[in-house]
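Take a look at the letters that make up each chain.
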Amino acid sequence: MTPRRQPRPLPNRRAGHVTSQGQPKRAYRTVTEARAAAQLAWTLNRAELNAYRCSLCHQWHIGGERE
Ligand SMILES: [Zn+2]
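The shown structure was predicted, so the numbers you read here are calculated from the model rather than taken from an experiment.

Broken down by element type, the protein chain carries 2 helices and 2 strands. Put simply, the protein chain runs from its N terminus to its C terminus through helices and strands in the order α-α-β-β. Taken across its 67 residues, the protein chain has 12% of its residues classed as buried.

Right, let's talk about the pairing of strand β1 (residues 50-53) for a bit. Of the pairings in the sheet, the one linking β1 to strand β2 (residues 60-63) comprises 4 bridges and is antiparallel in character. Each bridged residue has a counterpart across the sheet, and for A51 the counterpart in β2 is I62. Counting the residues in the hairpin turn of β1 and β2 gives 6 residues, including H58, whose phi is positive at 60°.

In a regular helix each residue adds 1.5 Å, so 15 residues correspond to 21 Å; helix α2 (residues 31-45) covers 20 Å between its end C-alpha atoms and thus fits that length. Within two residues after α2, R46 carries a phi angle of roughly 55°, on the positive side.

Okay, the nonpolar core next. Formed by A34, A38, L49, C54, W60 and I62, the largest nonpolar core amounts to 6 residues. For I62, the residues in contact, after removing those within four places along its chain, are A34, A37, A38, A41, L49, N50 and A51.

As a further point, take unusual backbone geometry. Even without being glycine, R46 reaches a positive phi, approximately 55°. For R46, the position within the fold is in the loop between α2 and β1. A residue is classified by how many C-beta atoms lie within 10 Å of it, and R46, with 7 of them, is exposed. Phi angles above zero are rare outside glycine, and H58 is one such case at about 60°. Inspection of the secondary structure assignment puts H58 in the loop between β1 and β2.

Parameters at a glance
- Residues numbered from 1 in each chain as written.
- Predicted model: local features only at pLDDT ≥ 70, side-chain atom pairs only at ≥ 80, totals over all residues.
- Helix = DSSP H or I, 4+ residues; strand = E, 2+ residues; numbered from the N terminus.
- Buried ≥ 20, exposed ≤ 12 C-beta atoms within 10 Å, placed from the backbone.
- Pairing = 2+ DSSP bridges.
- Expected span 1.5 Å × (residues − 1).
- Core = buried A, V, L, I, M, F, W, Y, C linked by C-beta atoms within 7 Å.
- Contact = placed C-beta atoms within 7 Å.

These values are about where atoms sit, not about what they do.
Dropping the structure here:
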């Protein structure tokens, strides 16, 4: 009799929470803060970032399409 394995969390659930370097992303408590940060990134770097609700920490992150 073998113990049942816990299902692993979906990889892309964590992928939205960490950067491509594996560091946790900056989290924003409100979508307003996240959008302000995304706007700033656009102003400074012309980086087009989306604000999205993280399913891991339930806060908001910003990221590009590939993150
Ligand atoms: Zn998160």
